[in-house]
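Below, each chain spelled out in residue letters.
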Amino acid sequence: MTAHTENVDPNEIAKFERMANRWWDTEGEFKPLHDINPIRSNYIDQRASVADKSLLDIGCGGGILCEAMAQRGALVSGIDMGKAPLEIANLHKLESGLEIDYQQSTAEELAEKKASAFDIVTCLEMLEHVPNPQAIVESCAKLAKPGGDIFFSTINRNPKSYAMTILGAEYLLKLLPKGTHEYKNFIRPSELSMWLRNAGLEIMDISGISYNPLSRSFYLNPNDVDVNYLVHAKANC
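This section reports on the structure supplied with the text. (Residues numbered from 1 in each chain as written. Predicted model: local features only at pLDDT ≥ 70, side-chain atom pairs only at ≥ 80, totals over all residues. Heavy atoms only, no water.)

## With respect to the pairing of strand β5 (residues 144–155)
Along β5, nine of the twelve residues are buried, which leaves the element largely enclosed by surrounding structure. Pairing of strand β4 (residues 118–124) with β5 involves six bridges; the strand directions are parallel. Among the inter-strand pairings, Val 121 is bridged to a residue of β5, identified as Ile 150. Each parallel crossover has a hand, and for β4 linked through helix α6 (residues 133–143) to β5 it is right-handed. Sheet topology note: the β5/strand β8 (residues 228–235) ladder contains seven bridges and is antiparallel. Bridge pairing in β8 places Asp 149 opposite Lys 234. (Buried < 20%, exposed > 50% of the residue type's maximum accessible area, 1.4 Å probe, protein only. Helix = DSSP H or I, 4+ residues; strand = E, 2+ residues; numbered from the N terminus. Pairing = 2+ DSSP bridges. Right-handed = clockwise from strand over helix to strand, strands pointing away.)

Below you can see the structure in the form of structure tokens.
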């Protein structure tokens, strides 16, 4: 096993491989991703203006964010270590008529080949699924151009996030398959902020994504990062 593949959890890859053929089913297991995608896409576009910029999505899965960014005019590349999700992503982009460069690669491996290559780097709902999330943050910093924009989203680690994400979303509301998340892998904003600073990144904003169980809808909430949250950082010029 090389240094590049050590930061991969085979169980996590297998989990998403098994569900890959349902990636674009907006009422299936990935419904929450489809529901929050407009929120995170708007957040990225409003803060970084993606049109005509090179954008890399790390942990792209079946390409939900990649397609949204390409539709807004970004020059998109996506990487993932799951073969089946990438096959789905390549098939769906043909249906959508979009040009997106998908590759099977780790962030660490690509950072060695394409350092300072991208205007925008995104890594959403991925950090909590790898053994060493800090290494991913460092790779994102290497991949971004000086002054480039980097976006993360992940899940806070506290009793409320456990209740909402695992007990609520996986067991009660059944928005996600049971076992999708491991509570111990959730990441506090203070931890992610420390990794960002250690990687030489400047934190521009931290905003939460909240869920209304009555309307079953998500919304951006700058004042509540207790569960899901987005982070915008900049690479030093």
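From this point, the discussion proceeds with the structure in view.
## Describing the packing of helix α2 (residues 31–48) against helix α3 (residues 64–71)
In the contact formed by α2 and α3, the axes pass within 10 Å of each other and the chain directions differ by 45 degrees. The pairing of α2 with α3 is recorded here as oblique in orientation. Crossing hand, α2 versus α3: right-handed. Each of Leu 33, His 34, Asn 37, Arg 40, Ser 41 and Ile 44 in α2 lies in contact with α3, whose residues at this interface are Ile 64, Leu 65, Ala 68 and Met 69. For the contact of α2 with α3, the per-class residue count stands at six nonpolar, three polar and one charged. (Axes fitted to C-alpha atoms, helices over the stretch in contact; angles between N-to-C directions. Parallel < 35°, antiparallel > 145°, perpendicular 65-115°, else oblique. Left-handed = near helix turned anticlockwise from the far one by under 90°. Contact = heavy atoms within 4.5 Å. Nonpolar A, V, L, I, M, F, W, Y, C, P; charged D, E, K, R; others polar.)

## Here we look at the environment of Ile 203
Examined against the element boundaries, Ile 203 turns out to sit in strand β6 (residues 201–212). By relative accessible area, Ile 203 is classed as partly exposed at 29%. Here the alpha-carbon distance between Ile 203 and Lys 83, two residues 120 residues apart in the chain, equals 33 Å. Sequence-distant contacts of Ile 203, that is, excluding residues within four places in its chain, are made with Ser 193, Leu 196, Arg 197, Val 231, His 232 and Ala 233.

## Description of α2
With 18 residues, α2 should cover 26 Å at 1.5 Å per step; its first-to-last C-alpha distance of 26 Å lies within 8% of that length. Its maximal kink placed at Asn 37, α2 deviates by approximately 40 degrees, while the proline Pro 38 follows within four residues. Within α2 the residues assigned to the buried category are Pro 32, Leu 33, His 34, Ile 36, Asn 37, Ile 39, Arg 40, Ser 41, Tyr 43, Ile 44 and Ala 48. Close packing links the buried residues of α2 with α3, β4, β5, β6, β7 (217–221) and β8. Downstream of α2 by one or two residues, Ser 49 has phi in the positive range, about 50 degrees. (Expected span 1.5 Å × (residues − 1). Bend = angle between axes of the 7 residues up to and from the residue.)

## Some remarks on the side chain of His 232
The topology assignment puts His 232 in strand β8. Side-chain polar atoms of His 232 contact the side chain of Arg 47, separated by 2.8 Å. At a separation of 2.7 Å, a polar atom in the side chain of His 232 contacts the side chain of Asp 149. (Polar contact = N/O pair within 3.5 Å; in protein donor to acceptor, adjacent residues only side chain to side chain.)

## Remarks on α3
Among the eight residues of α3, seven are classified as buried, and the element is accordingly described as predominantly covered. Those residues of α3 lying buried are Ile 64, Leu 65, Cys 66, Glu 67, Ala 68, Met 69 and Ala 70. Within two residues after α3, Gly 73 carries a phi angle of roughly 100 degrees, on the positive side.

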